[in-house]
Amino acid sequence: MTIGIYDSGLGGLSVWRELCSRIRAPFVYFGDTAHLPYGDKSPDQLLEYFNGSLAFLQSRGCRTIVVACNTTSSVVLPRLKHLVQLPVVGMLEGVSQAAAAAGKRRIGVLATEATVRSGVYARTLEEALPGAEVLMQSAPELVPLVEAGEIAGPKVRAALLRYLDPLLTQGIEALLLGCTHYSFLAEPIGELVGGEISVIDPAPAVASRVQEAWADGEGGKGTDEFWVSAAPERFRATAELILGEKLPPVRLRPWGRRAVDAAED
């Protein structure tokens, strides 16, 4: 059985990496690079992108879907998840678990503009941690930086300081990474916030949730597939740079192409 992983671009690779360390199963990764960044998209646009990507992953034989995109998890899944026939795991499933494990009550969240507007993460954390104070901060420059392969250096540091300063000024005790792209910025983020503030990455908790659900269906590893909706060679080159490992060829599934066409390739 095959697990599908969906994101707007490179960010979901942080979840793929965690899943690979826990589950022996073939993965199909789809990055909707034709439409990134997702943070400035409307709910209707995000719903369209998700539906098309879900159909494609089903056409590749996926029987479990991991939505490794915080924006889609917060904007689309609350509206649609109960209608999807396949098991779907989104990033919210790991947020509460990871935040509870940190044991902090004043939590800052870095996220995309769409995630912040949805209000879902704030509600989820406040329900999971009664009495907690959640401070949201949009960070629109960070996804483009990661997609360009810039995960360190002066430009990254300057952008992070712009978004972190308002949260640090308000005395946060923990910082939750509310976008899977931000996992690749964990090192400079940790340097800027200091050792007394916990940096919470939900990706390991999400992978653990998938592992629990997958226990009965685990099989052979098989071969992973990587697909994008635009610029496959650029995706592969940047992915190898930020992951520090080689990937197999990345294949192109142009947006708007029927899923069955790609399945017949």
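Residues numbered from 1 in each chain as written. Predicted model: local features only at pLDDT ≥ 70, side-chain atom pairs only at ≥ 80, totals over all residues. Heavy atoms only, no water.

### Focus: the overall build of the protein chain
Argument step 1. When helices and strands are tallied, the protein chain shows 13 helices and ten strands.
Argument step 2. For 265 residues, the compact-globule estimate of 2.2 N^0.38 gives 18 Å, and the C-alpha radius of gyration of the protein chain, at 17 Å, lies within 12% of that figure.
Argument step 3. Taken along its principal axes, the extent of the C-alpha atoms in the protein chain is 55 × 40 × 35 Å.
Argument step 4. Out of the 265 residues belonging to the protein chain, those deemed buried represent 55%.
Argument step 5. Considering only intrachain contacts with a sequence separation of at least 6, the fraction spanning at least 24 residues in the protein chain is 76%.
Argument step 6. Accessible area for the protein chain stands at about 10800 Å²; split by element, carbon and sulfur atoms hold 50% of it. (Helix = DSSP H or I, 4+ residues; strand = E, 2+ residues; numbered from the N terminus. Rg over C-alpha atoms; globule rule 2.2 N^0.38 Å. Buried < 20%, exposed > 50% of the residue type's maximum accessible area, 1.4 Å probe, protein only. Contact = heavy atoms within 4.5 Å. Areas by Shrake-Rupley, 256 points an atom, 1.4 Å probe, with all protein chains shown as cover.)

### Some remarks on the side chain of Gln-137
Argument step 1. Relative to the helices and strands, Gln-137 resides in strand 6 (residues 133-138).
Argument step 2. A relative accessible area of 18% places Gln-137 in the buried class.
Argument step 3. Residues contacting Gln-137, with those up to four places away along its chain left out, are Val-109, Leu-110, Ala-111, Val-116, Tyr-163, Pro-166 and Leu-167.

### Looking at the sheet that holds strand 6
Argument step 1. One open sheet holds the four strands; their spatial order is 6-5-7-8, and the pairing between them is parallel. For this open sheet the edge positions go to strand 6 and strand 8 (198-200), each flanked by a neighbour on one side alone. Neighbouring strand axes in the sheet, compared pairwise and without regard to direction, differ in orientation by 20° on average.
Argument step 2. Pairing of strand 5 (residues 106-111) with strand 6, which is carried by six bridges, proceeds in the parallel orientation. (Pairing = 2+ DSSP bridges. Axes fitted to C-alpha atoms, helices over the stretch in contact; angles between N-to-C directions.)

### Notes on the packing of aromatic side chains
Argument step 1. Tallied over the entire structure, the rule returns nine aromatic pairs.
Argument step 2. One aromatic cluster is present, formed by Tyr-6, Tyr-38, Tyr-49, Phe-50 and Trp-255 through successive ring pairs. (Phe/Tyr/Trp six-rings, centres within 6.5 Å; stacked < 30°, edge-to-face > 60°.)

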